[in-house]
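Spelled out, the chains give:
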Amino acid sequence: MRTVLGDIAPADLGVCDAHDHLFLRSPQLPGQELADAGAAAAELAAFRTAGGAAVIQWTPYGMGRGAAELPRLARESGVRIVAATGLHQAVHYAPEVLERVRADLAGVFVSELTEGIGGTGVRAGMIKVAGGFHGLDRHARYTMTAAAEAQRATGVAIGIHLELGTGALDVLDLLCGELGVAPDRVVLGHLNRAPDLVVHRMAAEAGAYLAFDGPSRAHHATDWRLPDALAALAGAGFGDRILLGGDTTTAGARSVNGSPGMPYLLRRHRERLALALGEGLVTQFLTANPARAFAADLGRSRPVTG
């Protein structure tokens, strides 16, 4: 498993927030950028105090990943950080950014996984791409095709932003059916935002990992149906497919600004799920499952010292 400080054995990952952001910038989130390294450090410290040991940062190419800051933050906090390569929906980029990478997008992904992000020397450990609302547009198909090529070259997991939790089966049809990606190398994000238990079951049966990430801020069914959704999956024998995350995407959502933030996952969220499902199962969601989901052997890696 490739972290920003070098490769580790998956078993050493520990209690993991399987989908979150320390840094994030998008024209879709004006004035709410995650760009403050001090706030990121405070958030990691709060997460560590709550019992956290690892964070998978899903921020992809061109969205202010803070790659140069990540090794220092990991070292000072004691929290393992996995960075992402990949590309989000087109609306998150200026046209010239997309034009710059279009010629060899898979090559960009592989380079960031094996050589480093920019000139930082920090290597990504997963790929993040995105679907659309109940479908896949041309941009999504293009980025997923590049992600599949990079995945086959490196073995890393592909994390998928599902718009409002929709389109999971379309993604699996493309990535696994047409492009030949092994289902257990696919992590479907935001499934809690569309609490369709039948789709959850079908995605799990296909062999993908299912990420339920982030507390609701819109009073939709994210929170109050989650225990039932996870119980249904676990009861059907798919407890080993479930991942949990926080998905903090704006400055206002951080715990240091009075919102749930990263520590919420291991405080109220874990407590509530443990009451409904049992502590042992929730611990599996937070430890053994992400260790398998994000495991990859990318070859021998030197530790990052900068």
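Residues numbered from 1 in each chain as written. Predicted model: local features only at pLDDT ≥ 70, side-chain atom pairs only at ≥ 80, totals over all residues. Heavy atoms only, no water.

With that settled, consider unusual backbone geometry. Most peptide bonds take the trans form, and the phi angle of most residues other than glycine is negative. Positioned with a positive phi, L164 is a non-glycine residue whose angle comes to about 55°. A positive phi is found at H190, a non-glycine position, where the angle reads about 70°. With respect to the secondary-structure elements, H190 resides in the loop between β9 (186-189) and α7 (197-206). Among the residues examined, H190 registers a relative accessible area of 1% and is labelled buried. (Helix = DSSP H or I, 4+ residues; strand = E, 2+ residues; numbered from the N terminus. Buried < 20%, exposed > 50% of the residue type's maximum accessible area, 1.4 Å probe, protein only.)

Take the confidence of the model for the chain next. The predicted model of the chain averages 93 in pLDDT, with 95% of residues at 70 or higher. Every residue in residues 300-306 is under pLDDT 50, and counting partners more than four places away or in other chains gives 18 contacts. (pLDDT = per-residue confidence, 0-100. Contact = heavy atoms within 4.5 Å.)

This part is about the packing of aromatic side chains. Scanning all chains against the criterion turns up zero aromatic pairs. It is R102 that lies over the ring of Y142; its NZ or CZ is 5.1 Å from the centre. Positioned above the aromatic ring of Y209 is the side chain of R241, whose terminal nitrogen or guanidinium carbon lies 4.1 Å from the ring centre. (Phe/Tyr/Trp six-rings, centres within 6.5 Å; stacked < 30°, edge-to-face > 60°. Lys NZ or Arg CZ within 6 Å of the ring centre and 35° of its normal.)

This next bit is on the environment of A45. Structurally, A45 can be placed in helix α1 (residues 37-49). For A45 and P263, which are 218 residues apart along the polypeptide, the C-alpha to C-alpha distance reads 9.2 Å.

Reading across the sheet, the three strands line up as β3-β4-β5 and stay open at both edges, with parallel pairing between neighbours. Pairing within the sheet leaves two strands with one partner each, and these edge strands are β3 (16-20) and β5 (80-82). The mean angle between the axes of side-by-side strands here comes to 20°, regardless of whether they run parallel or antiparallel. Inspection of the sheet shows β3 paired to strand β4 (residues 54-57) by three bridges, in the parallel sense. Considered in β4, the bridge of D17 is made with V55. (Pairing = 2+ DSSP bridges. Axes fitted to C-alpha atoms, helices over the stretch in contact; angles between N-to-C directions.)

It is worth spelling out the pattern of salt bridges at this point. Taken as a whole and judged by the stated rule, the model has nine salt bridges. A salt bridge links R201 to E205; the shortest N-O distance between them is 2.9 Å. With a gap of four residues between them, R201 and E205 both fall in helix α7, about one helical turn apart. E205 gets classed as partly exposed once you look at its relative accessible area, which sits at 48%. (Salt bridge = Lys/Arg side-chain N within 4 Å of Asp/Glu carboxyl O.)

In this section: helix α5 (residues 138-154). Taking 1.5 Å per residue as the helical rise, α5 with its 17 residues ought to reach 24 Å, and the 24 Å between its terminal C-alpha atoms agrees with that figure. Its buried side turned inward, α5 meets α3 (95-102), α4 (105-114), β7 (126-130), β8 (158-161) and α6 (168-178). Here α5 starts with a cap whose side-chain oxygen sits 3.2 Å from the backbone nitrogen of H139, and that cap is D137. One or two residues past the end of α5 sits G155, with phi positive at roughly 90°. (Expected span 1.5 Å × (residues − 1). Polar contact = N/O pair within 3.5 Å; in protein donor to acceptor, adjacent residues only side chain to side chain.)

The subject of this paragraph is the nonpolar core. Core analysis: the largest hydrophobic core is formed by 79 residues, its most contacted members being I160, L175, L188 and L244. Contact partners of L188, with chain neighbours within four places excluded, come to I160, L162, A168, V171, L172, A203, A208, Y209, L210 and A211. In this structure, I8, C16, A211 and F294 belong to the second largest nonpolar core, which totals 18 residues. (Core = buried A, V, L, I, M, F, W, Y, C linked by side-chain atoms within 4.5 Å.)

For R65, the location among the structural elements is in the loop between β4 and α2 (70-77). The buried category is assigned to R65, whose relative accessible area is 9%. At a separation of 2.7 Å, a polar atom in the side chain of R65 contacts the side chain of E112. In contact with R65, other than residues within four places in its own chain, are F23, Q57, T59, P60, L70, A84, T85, E112 and I117.

It is at 10 Å that the axes of α5 and α6 come closest, and there the two elements cross at 35°. Seen along the crossing, α5 lies across α6 with a hand that is right-handed. In this structure, α5 contributes R141, M144 and A148 to the contact, and α6 contributes V171, L174, L175 and E178. Its residues assigned to classes, the contact of α5 with α6 shows five nonpolar, no polar and two charged. (Left-handed = near helix turned anticlockwise from the far one by under 90°. Nonpolar A, V, L, I, M, F, W, Y, C, P; charged D, E, K, R; others polar.)

Let's shift gears to the sheet that holds strand β6 (residues 84-86). Across the sheet, six strands lie side by side as β6-β7-β8-β9-β10-β11; this open sheet has parallel pairing. A single partner strand is all that each edge strand has here, and the edge strands are β6 and β11 (242-245). Shown here is a sheet whose adjacent strand axes are inclined to one another by a mean of 30°, direction ignored. As paired elements, β8 and β9 share four bridges and run parallel to each other. Bridging across to β9, H161 finds its partner in G189.

Here the focus is the side chain of R254. Tracing the sequence through the fold places R254 in the loop between β11 and α9 (268-277). Although R254 is buried, it makes no salt bridge; E43 carries the closest opposite charge, 4.9 Å away. Setting aside its immediate chain neighbours within four residues, R254 contacts L22, L34, D36, A39, A40, E43, T248, S259 and G261. (Lys, Arg positive; Asp, Glu negative; His and termini not counted.)

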